[in-house]
Structures are given as structure tokens and as C-alpha cells.
Amino acid sequence: QMATGLYNSVNDIVNEAMTLLVKSKAAQQEQMDALLAELEQDENEVKDENVLDAETAVRMLMSE
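Calculation notes
- The numbers attached to residues start from 1 for each chain and follow its sequence in the written order.
- Owing to the predicted nature of the model, reporting of local features is limited to residues with pLDDT of at least 70; listing and counting of side-chain atom pairs is limited to 80 or more, with chain, interface and lining totals taken over all residues.
- Where side-chain values are given, they derive from all heavy atoms of the structure, hydrogens and water being excluded.
- For helices the rule is a DSSP run of H or I covering at least 4 residues; for strands it is a run of E covering at least 2, with both sets numbered from the N terminus onward.
- Our radius of gyration is a C-alpha quantity, and the globule rule it is checked against amounts to 2.2 Å times the number of residues to the power 0.38.
- Each residue is placed in one exposure class: buried if its accessible area under a 1.4 Å probe, protein chains only, is under 20% of its type's maximum, exposed if it is over 50%, and partly exposed if it falls in between.
- All accessibility values rest on the Shrake-Rupley procedure with a 1.4 Å probe; residue burial counts only the protein chains present in the view.
- The term salt bridge refers to a side-chain nitrogen of Lys or Arg lying within 4 Å of a carboxyl oxygen of Asp or Glu.
- Counting of polar contacts relies on pairs of N or O atoms within 3.5 Å, with two restrictions inside protein: one atom must be capable of donating a hydrogen and the other of accepting it, and residues adjacent in sequence are counted only when both atoms are side-chain atoms.

(A) Focus on the overall build of the protein. Tallying secondary structure elements over the protein gives 2 helices and 0 strands in all. Relative to its length of 64 residues, the protein is extended, with a C-alpha radius of gyration of 24 Å against a globular reference of 11 Å. Judged by the C-alpha coordinates and their principal axes, the protein covers about 70 × 25 × 10 Å. A burial count over the protein gives 2% of its 64 residues as buried. Here the protein has roughly 5900 Å² of accessible surface; of this, 57% comes from carbon and sulfur atoms.

(B) Quick look at the pattern of salt bridges. The tally for this structure, following the rule as stated, stands at 1 salt bridge. Residue Arg-59 pairs with Glu-55 through a salt bridge whose shortest N-O separation is 3.4 Å. Taken together, the residues Arg-59 and Glu-55, both in helix 2 (residues 54-63) and 4 residues apart, mark about one turn of the helix.

(C) Geometry of helix 2. Of all 10 residues that make up helix 2, 0 are buried, and the element is exposed over most of its length. At the N-terminal end of helix 2, a side-chain oxygen is found 3.1 Å from the backbone nitrogen of Glu-55, two or three residues along, and the residue is Asp-53.

Shown next, in the form of C-alpha cells:
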């Protein structure tokens, strides 16, 4: 990459790699946080009995 002139030194390449790694880890954490929040919401709906069991749901769909 230095030969192409994109980077001036090995240090620049390492800094860029570390920046990309940090951004990637942050994006992964955001995805994990979103999935955990969705799971928590789903668990709360089950606790609040705002969901139907499969048999009831199928019966309702068949009667429509």
C-alpha cells in the first residue's frame, strides 16, 4: 500500500487497520445490543401473555 502512495508509512497502515477494527467492533456491539433489546421485548410480551400459542394461532387463521 505504501508503494501506491496511499499510505506514507507502516505506522499509517497500522493506524488505519486499528481504526477499522474499532469501527467493526462497535458495529458488532450495536447489532448485539439491538438483538438483546428485541429479545427482551419478546420475553416481556410472553410474560404479559400478549402472544398466542401455535395451535390457537393456526385455528384463528383457518377460521378467517
